[in-house]
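Understanding the architecture of this molecule
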Amino acid sequence: MDAGCPRLPDSVLFEIFLYLDHADVLSVGLVCQQWRAVARDEFLWKELFYRYYRVSRDVPRHPGAVSWYDEFQRLYDTIPCVEVQALKEHNDQVLHLSFSHSGCLFASCSKDCTVKIWSNELDISLQHSSNMRPYNWSYTQFSQFNSDDSLLLVSGVFVGPHNSSSGEIAVISMENFTLLSRVRNKPYDVFGCWLNETNLISGNLHRIGRITSCSVLWLNNAFQGIESENVNVVKRLFKIQNLNASTIRTVMVADCSRYDSPDLLLDYEEQLAASSTCPVFDLGSDSEEEEAKPKPPPEPAVQELPDVGGVPAEHGLQQLFDGIMEGRMRPAMTETELETKVAELFVRNRTKPPEPSLLPADSNSKTKYLIFTTGCLTYSPHQIGIKRILPHQMTTAGPVLGEERRSDEFFDSLDHVIDIHGHIIGMGLSPDHRYLYVNSRAWPRDCVISDPMQPPPIAEEIDLHVFDLKTMKEVKRALRAHRAYTPNEECFFIFLDVSRDFVASGAEDRHGYIWDRHYNICLAKLQHDNVVNSVAFSPVEQELLLTASDDTTIKVWRSPRAVRIRQVRRPQPRKLLFSWLLNQKS
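One numbering rule holds for all chains: residues counted from 1, following each sequence as written. The predicted nature of this model means local features are confined to residues of pLDDT at least 70 and side-chain atom pairs, given and counted, to a pLDDT of 80 or more, with totals for whole chains, interfaces and linings taken over all residues. As a rule here, side-chain values cover all heavy atoms of the structure and leave hydrogens and water aside.

1. What to know about helix α4 (residues 42-53)
Our working definition: Runs of H or I in DSSP of at least four residues are treated as helices and runs of E of at least two as strands, each being numbered from the N terminus. To estimate how far a helix should extend, the number of its residues minus one is multiplied by 1.5 Å. Categorising residues by exposure relies on relative accessible area from a 1.4 Å probe, with only protein chains included: less than 20% of the type maximum marks a residue as buried, more than 50% marks it as exposed, and the intermediate range marks it as partly exposed.
Taking 1.5 Å of rise per residue, 12 residues should cover 16 Å, and α4 covers 16 Å from first to last C-alpha, within 8% of that figure. Taking burial as the measure, the 12 residues of α4 include 9 buried ones, the bulk of the element. Positive phi appears at Arg54, one or two residues downstream of α4, with a value of about 55°.

Now the structure itself:
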């Protein structure tokens, strides 16, 4: 033992651990031999981990961790929670952030109607700014790089005749920042997304009645101005009926090819099964607790759609409609309810049936899922629709109005629907596309919606749900910490992002938030002066996070470890800790 270093019982050392902060706990092992011995004691670090982070005992250690000490250090040292730069080139609310796949560039959209391209080097700098006002845009709201980072999709709000507003998508070349094409997008909160390197998805909306409409999703070639004279540059993907004033919004594409080899399995039983095929020898593990089976995940609020390809089982709707038309009975329903019933009757036998099996037959399948928000009870988005895109549908070649559709099949059915029971305000995919994270504000329990134009009140607390797209089940309890205050009729999108180990989200309480995906715990709150609209992890460095706010700034956050590496110096233990040690020596 070092001279002058007192010998303390392990129980006393452990209690001291509990009163130290992260930096002191991790640096205290450098002080004397006794502390170094404790630093190698896996049992103490395991107890400290569960107590300090308030993690449930039935949650096993992260499958990629080799020791509890390393896990404790990871959750302190690799969280991007240190502000290193504030970008103030926007002069209005910053609404969205997106990284290129290489991590070298990122784009920002703002109410100032510009999309700005930034270079992510040692110090982030502005590389280009495009003003969209000359194209009658009101503001830019969303951007996405294509898979090889050669093109940037930019979505915005377009001001049309008589000040009517809809959406528009612009495609910008990253080679010389020229505008290649523009595509109408209605409603504007469809946003749009890339399907592959050169084709993007947009939306259109056709009104059928006061609360009934039809959403059409189009596949567009990014090089329309160049190729439109020779080949098809647009093709209809899907045509879906909307009931009760709902519409399709917030489209995104999930690639199914990596579902059998995800970066991180969130189901603890699956983790155990995967680890058993490749065991890790760890002397510090407590096998009795580690191998305890966790409770099964809760049953998800997932609806399998009925088969609408044949004759419907419910004949009462047809009889009711016939009775009303022939004057034998008066409708005991409002005009709105009658419109919805008639629309349901009309679409019943005029919809292409869903695919027989949603999941791809093999892990190497090129099948992709089109994911979007929708609804069936009111106009606020409260359901997630999933539609499979087959390989032959991923090109604009072929008939413009779709393929394999009989003349009486006007609409496409959804292959799967997930009911959230609340207002959806954000969605994001894990990097491997296996898990879907959903921000929502819950409706009151057992609420009844009698008028689709009057949705239920929504909670201020935001729930962050997690769904496994391979099993279509909810796999984690909802993450909580962030809040929103905007009422239902004015509710807007709060973007979230997911890295290998973390998930982050904006909020209306002037903070961004970071959670650990495995342990389901909130790790950091990131301060702004106004609403945080968007967050974005670097796809190649999850210890770098960007946040965008209504305070017109973009903040750059790095982990304590990354800051130390950049500054080329190690953090020093706190003066208080040194004072205590000096007193013990004297």
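2. Quick look at the pairing of strand β23 (residues 462-468)
Convention followed: If DSSP finds at least two bridges between two strands, the strands pair.
In terms of residue burial, β23 counts as a mostly covered element, since 7 of its 7 residues are buried. Judged by which residues are buried, β23 turns out to be covered on both faces: Ile462, Leu464, Val466 and Asp468 on one side and Asp463, His465 and Phe467 on the other are all buried. Two elements, strand β22 (residues 435-442) and β23, share 7 bridges in a ladder whose sense is antiparallel. Paired with Val438 across the bridge in β23 is His465. Inspection of the sheet shows β23 paired to strand β24 (residues 473-479) by 4 bridges, in the antiparallel sense. For Asp468, the partnering residue across the bridge sits in β24 and is Lys473.

3. Notes on the sheet that holds strand β13 (residues 234-242)
Ordered in space as β10-β11-β12-β13, the 4 strands form an open sheet in which the pairing is antiparallel. The sheet terminates laterally at β10 (193-194) and β13, the two strands that pair on one side only. Summarising the sheet, strand β12 (residues 213-221) and β13 pair through 8 bridges and their orientation is antiparallel. Looking across to β13, one finds that Val216 is bridged to Lys239.

4. Some words on unusual backbone geometry
Looking along the chain, the bond that leaves Lys186 and enters Pro187 is cis, with omega of -5°. Tracing the backbone shows Pro187 in the loop between β9 (179-185) and β10. Its identity as a non-glycine residue notwithstanding, Phe177 has a phi of 60°, on the positive side. Inspection of the secondary structure assignment puts Phe177 in the loop between β8 (165-173) and β9. Positive phi, close to 70°, is recorded for Arg510, a residue that is not glycine. Structurally, the position occupied by Arg510 is in the loop between β26 (502-505) and β27 (511-516).

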